[in-house]
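Residue strings, one per chain:
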Amino acid sequence: MASSFVAVFEIASFAAIIVLVVLGLGIIASMMGIFNFAQGEFVLLGAYVTYLASSHGIPVWIGMAAAPFLVGALGFVLEALIIRRFYAAPIVAMLGTYALSLIIREIVRGLIGGLYLSVPEPIGGSIDFGSVHVSAWRFVIIVVTVAVMVGCYLLLARTSFGLRVRATLENPALARASGISTARIYGATFAFGAALAGLAGALVVPVFSLFADLGIRFLIQGFVAVMVGGVGSFMGPVAGAAVIGTMSAALPWVMAPVIADVLVFVLAIAFIKFRPQGLLSGKGV
């Protein structure tokens, strides 16, 4: 019973990480019609900012709090200087974000020297549920993810900014005719998606350590999760992230991790083949 509870907890904590990555990726894909292939590197940058804070004697939690703001600001600048020029050609925009991802990854690789660097958990130890002991920091990750999901939903569904975002998503031309600055909405959306990735990187770096390829795995799983969940809605990518994250964390408990990774992608491809609009979206992937 205890081992089953620990397994469920580990699965939930990994799924929470994927949800954070996919929230930003899904919002950008739904709003702008492009997949941001630099999203994994935004995760890496969030982890790197946290490491820098820790290595300079600054409390880790301050680095974690700063990471989403700094990464979001970088995303805003990149959108204004580069991404905005390619909205009319989504394929070119995706290639542009892929090129950005390579540049960011190799810069970080040069800065850390290709090493694996550890970052301490701000909250160490374990939480006891009777005779069961679970990681306190992984529990914090789950709580923060739930809070971010609720906050994102309230922002998009209950605020005037969210109304403008949804209007731009539904009909950009009509939104512009109504006086909404879609360029600003796009910039804010891209920055917000980048900030969520930066937060994900800051939260996971104590668990996975810092290395140059940290973001690649999360990008691939996030990309598959968005396709499974479906673009065009808030809950679609979240549902996809829950499914892919749960499968990616659960299957290695019953089979070899390499086989589990392959099986996740095979099942995702099969699902997309028969339901290309995804779980909760009416738009085709």
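Another point: the overall build of the chain. Counting its regular elements, the chain contains eleven helices and two strands. For the chain, the sequential pattern of α-helices and β-strands runs α-α-α-α-β-β-α-α-α-α-α-α-α. Against the compact-globule benchmark of 19 Å for 285 residues, the chain has a radius of gyration of 19 Å, which places it among compact chains. Pairs at least 24 apart in sequence give 73% of the contacts found in the chain among residues at least 6 apart. Element-wise, carbon and sulfur atoms account for 72% of the exposed surface of the chain, whose accessible area totals about 12,900 Å². Across the chain, the mean location of the 14 positive side-chain charges is 15 Å away from that of the 9 negative side-chain charges.

Let's shift gears to the pairing of strand S2 (residues 132-135). Residues Val132 and Val134 point to one face of S2 and are all buried, whereas His133 and Ser135, pointing to the other face, are not buried. The pairing of strand S1 (residues 126-129) with S2 spans four bridges and is classified as antiparallel. When the bridges of S2 are listed, Asp128 appears paired with His133.

Another point: the pattern of salt bridges. A complete count under the given rule lists four salt bridges for this structure. In this structure, Glu79 engages Arg84 in a salt bridge whose closest nitrogen and oxygen atoms are separated by 2.9 Å. With a relative accessible area of 0%, Glu79 lands in the buried category. With relative accessibility at 33%, the residue Arg84 sits in the partly exposed group. A salt bridge links Glu106 to Arg109; the nearest nitrogen and oxygen atoms lie 3.0 Å apart. Highlighted residues: Glu106 and Arg109, both in helix H4 (residues 90-112), separated by three residues, approximately one helical turn. For Arg109, a relative accessible area of 27% translates into the label partly exposed. Among the ionic contacts, a cluster of salt bridges with common partners joins Glu106, Arg109 and Asp213.

Let us now look at H4. It helps to recall that an α-helix has 3.6 residues per turn; residues three or four apart then point in one direction. Taking 1.5 Å of rise per residue, 23 residues should cover 33 Å, and H4 covers 33 Å from first to last C-alpha, within 8% of that figure. Three or more residues of H4 are buried, namely Ala93, Met94, Gly96, Thr97, Leu100, Ser101, Ile104, Arg105, Val108 and Ile112. Those residues of H4 that are buried are in contact with helix H2 (39-55), helix H3 (60-81) and helix H9 (214-229). Immediately downstream of H4, the backbone of Gly113 shows phi near 70 degrees, a positive value.

This part takes up the environment of Met247. When you line up the elements, Met247 lands in helix H10 (residues 235-250). Considered as a pair, Met247 and Val264 are 17 residues apart in the sequence and their alpha carbons are 6.6 Å apart. Each residue touching Met247, except ones within four places of it in the same chain, is listed here: Pro252, Val264 and Leu267.

Quick notes on the rules
- Residues numbered from 1 in each chain as written.
- Predicted model: local features only at pLDDT ≥ 70, side-chain atom pairs only at ≥ 80, totals over all residues.
- Heavy atoms only, no water.
- Helix = DSSP H or I, 4+ residues; strand = E, 2+ residues; numbered from the N terminus.
- Rg over C-alpha atoms; globule rule 2.2 N^0.38 Å.
- Contact = heavy atoms within 4.5 Å.
- Areas by Shrake-Rupley, 256 points an atom, 1.4 Å probe, with all protein chains shown as cover.
- Lys, Arg positive; Asp, Glu negative; His and termini not counted.
- Charge placed at Lys NZ, Arg CZ, Asp CG, Glu CD.
- Buried < 20%, exposed > 50% of the residue type's maximum accessible area, 1.4 Å probe, protein only.
- Pairing = 2+ DSSP bridges.
- Salt bridge = Lys/Arg side-chain N within 4 Å of Asp/Glu carboxyl O.
- Expected span 1.5 Å × (residues − 1).

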